[in-house]
2 protein chains.
Amino acid sequence: MNSHFQPVDLNKAYRLLNHGPTVLVSAGHAGVENVMAAAWACALDFAPPKVTVVLDKSTRTRQLVEGSGWFVLQLPTAAQARLTHQVGTRSQLDDPAKLARIGVQLTRIEGYPAPLVNECSAWLMCRVIDEPHNQNTYDLFIAEVVAAWADDRVFKDGHWRYEHADASLRSLHYVAGGHFYTIGEPLVIDERD
Amino acid sequence: MNSHFQPVDLNKAYRLLNHGPTVLVSAGHAGVENVMAAAWACALDFAPPKVTVVLDKSTRTRQLVEGSGWFVLQLPTAAQARLTHQVGTRSQLDDPAKLARIGVQLTRIEGYPAPLVNECSAWLMCRVIDEPHNQNTYDLFIAEVVAAWADDRVFKDGHWRYEHADASLRSLHYVAGGHFYTIGEPLVIDERD
């Protein structure tokens, strides 16, 4: 990771997901690591921070999440749109070399089984809270965020600053069929109103 | 509602939330209607479409959702940023005239107890699927979407077209403290890659 990779206070971690970006979900178990894309990830609580994410039963990444009890949610950037689409449409079950073929690079943080995907703008290290009924009925996973980091060119002092950074660092917002939007312009409401 | 208000096929309804917008949650019960803002709403399934939303126990709107079993998720526009911030920071429990004071206008659709907020860009009529453990432990509500509509200037034929419409119709993406982003520019990946 480069010098912009900085820790984020856990009490601000929910802000990394508030604006509704598409995320990459990464996990590792028994020597296997994988990454998938997910539009259906959301914050669930402020403190301690929690998240939800929907992981289809057919995905390899879900198997690794269930095996290890951990995953990382990370925000891919506009520069990673093609990578995001490819990790979201190709399965490691079909192609064991999926990550290498797509050019996904991983960084491992000591003490955690789930790897981080390089060059994203933010990362949330998540420990699954077992809720079998949700997982079986809805493919819905709940997790506590135990650590978070961000690229300080775009997230600093608890706030996003996309408008002050290169546009290639903007978050992605998937719609369907290869169509994404990137995040746009800031709009500030005076809290005294 | 104006002439742009058109039904959305239920099998495309998930696309209304895929890009992660901030929503308004409306509900009605026993003669009382209310609206709150929520950043933590997300799609849960494609077909039949389902959603999740986090509704804090302290909110009036949650009481109406629990009483009636219904709510609407709707997407406020950039033009409604101030309205969104105000419905999100003021409580009807403190001010019974909240909606009138903020200038929220509602439309009622026959047969449904939850009203729609006028001038949003999309609406999802949601029927709660009772999951008391989630609701009590995490404030997390799961619902099935039974009907959906959108303003056809920005959502048509199953796709968002923000780039072809007035910027005032763009979706809002809340961060914190009165700071929103609006959705930005399209980025299309060729699915053959």
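Reference entry: report on the structure contained in this document. (Residues numbered from 1 in each chain as written. Chains lettered and ligands numbered in written order. Predicted model: local features only at pLDDT ≥ 70, side-chain atom pairs only at ≥ 80, totals over all residues. Heavy atoms only, no water.)

## Comments concerning the overall build of chain A
Each helix and strand in chain A was counted, giving five helices and 14 strands. Here chain A has a C-alpha radius of gyration of 16 Å; the compact-globule value for 193 residues is 16 Å, and the two agree. In terms of overall dimensions, chain A has a C-alpha envelope of 50 × 35 × 35 Å along the principal axes. In chain A, buried positions account for 61% of the 193 residues. A sequence separation of at least 24 residues applies to 67% of the contacts in chain A between residues at least 6 apart. Seen as two clouds, the 17 positive and the 22 negative side-chain charges of chain A have centres 4 Å apart. (Helix = DSSP H or I, 4+ residues; strand = E, 2+ residues; numbered from the N terminus. Rg over C-alpha atoms; globule rule 2.2 N^0.38 Å. Buried < 20%, exposed > 50% of the residue type's maximum accessible area, 1.4 Å probe, protein only. Contact = heavy atoms within 4.5 Å. Lys, Arg positive; Asp, Glu negative; His and termini not counted. Charge placed at Lys NZ, Arg CZ, Asp CG, Glu CD.)

## Some remarks on the relation of the copies chain B and chain A
By a simple turn and slide, chain B fits onto chain A: the slide is 0.0 Å along the axis, the RMSD is 0.0 Å, and the turn is 180°. In symmetry terms, the pair is related by a two-fold rotation axis. (Least-squares fit on C-alpha atoms with pLDDT ≥ 70 in both.)

## Considering the side chain of Arg170(B)
Residue and element names in this part refer to chain B. Within the element layout of this structure, Arg-170 appears in the loop between strand S12 (159–160) and strand S13 (172–176). Only 3.2 Å separates the side chain of Arg-170 from the backbone oxygen of Ile-183, close enough to count as a polar contact. Apart from the residues within four sequence positions on either side, Arg-170 is in contact with Pro-76, Thr-77, Ala-78, Tyr-162, Glu-163, Thr-182, Ile-183, Gly-184 and Glu-185. (Polar contact = N/O pair within 3.5 Å; in protein donor to acceptor, adjacent residues only side chain to side chain.)

## Digging into the pattern of salt bridges
The full count for this structure, using the stated rule, is 18 salt bridges over all chains. Note that Glu185(A) and Arg170(A) form a salt bridge whose closest N and O atoms lie 3.3 Å from each other. Taken together, the positions of Glu185(A) in strand S14 (residues 179–188) and Arg170(A) in the loop between strand S12 (159–160) and strand S13 (172–176) put the pair 15 residues apart, joining distant regions of the chain. Asp151(B) is the salt-bridge partner of Arg153(B), the closest N and O atoms lying 2.7 Å from each other. Given the relative accessible area of 32%, Arg153(B) is considered partly exposed. Judged by its relative accessible area of 4%, Asp151(B) is buried. Residues participating in the shared-partner salt-bridge network are Lys57(A), Arg62(A), Glu66(A) and Asp139(A). (Salt bridge = Lys/Arg side-chain N within 4 Å of Asp/Glu carboxyl O.)

## With respect to the sheet that holds S13(B)
If you walk across this open sheet you meet the four strands as S13(A)-S14(A)-S14(B)-S13(B), and the pairing is antiparallel. A strand with exactly one partner marks an edge of an open sheet, and here the two such strands are S13 of chain A together with S13 of chain B. Adjacent strand axes in the sheet meet at a mean angle of 40° when their direction is disregarded. Here S14(A) pairs with strand S14 (residues 179–188) of chain B via seven bridges, running antiparallel. Within S14(B), the position partnered with Phe180(A) by the bridge is Leu187(B). (Pairing = 2+ DSSP bridges. Axes fitted to C-alpha atoms, helices over the stretch in contact; angles between N-to-C directions.)

## Considering the pairing of strand S5 (residues 50–54) of chain A
All names here are of chain A. Of all five residues in S5, five are buried, a share of seventy percent or more. The alternating pattern of S5 places Lys-50, Thr-52 and Val-54 on one face and Val-51 and Val-53 on the opposite face, and all of these are buried. Where strand S4 (residues 41–45) lies against S5, four bridges are found, and the strand directions are antiparallel. Its bridge partner being in S5, Asp-45 is matched across the sheet by Lys-50. Counted between consecutive antiparallel strands, the loop separating S4 from S5 contains four residues.

## A closer look at the packing of aromatic side chains
Scanning all chains against the criterion turns up 20 aromatic pairs over all chains. Relative to Trp40(B), the ring of Phe46(A) lies with its centre 4.7 Å away and its plane at 50°, an arrangement referred to as tilted. A residue pair is termed interchain when its members come from two chains, as with Phe46(A) in the loop between S4 and S5 and Trp40(B) in the loop between strand S3 (32–38) and strand S4 (41–45). On the accessibility criterion, Phe46(A) (44% relative accessible area) is partly exposed. Taken together, a centroid distance of 4.7 Å and an interplanar angle of 5° make the contact between Trp160(A) and Tyr162(A) stacked. In textbook terms, an aromatic cluster arises when at least three aromatic residues are bridged by ring pairs, as seen for Phe155(A), Trp160(A), Tyr162(A) and Tyr181(B). (Phe/Tyr/Trp six-rings, centres within 6.5 Å; stacked < 30°, edge-to-face > 60°.)

## A look at the interface of chain B and chain A
Facing the 54 residues of chain B at the interface are 54 residues of chain A. Here chain B and chain A share an interface that buries about 4,800 Å² over both sides, 60% of which is from carbon and sulfur atoms. Three residues stand out in chain B for area buried against chain A, namely Trp40(B), Tyr138(B) and Tyr181(B), and they jointly supply 17% of the buried area on that side. At the boundary of chain B with chain A, the tally comes to zero salt bridges. Between the two partners, chain B and chain A, sit 27 residue pairs in polar contact (both at pLDDT 80 or more). Broken down by element, the residue count for the side of chain B that touches chain A peaks at ten residues, all from S14(B). Classifying every residue of the side of chain B that touches chain A by side-chain character gives 28 nonpolar, 15 polar and eleven charged. (Buried area = accessible area lost by both parts, 1.4 Å probe. Nonpolar A, V, L, I, M, F, W, Y, C, P; charged D, E, K, R; others polar.)

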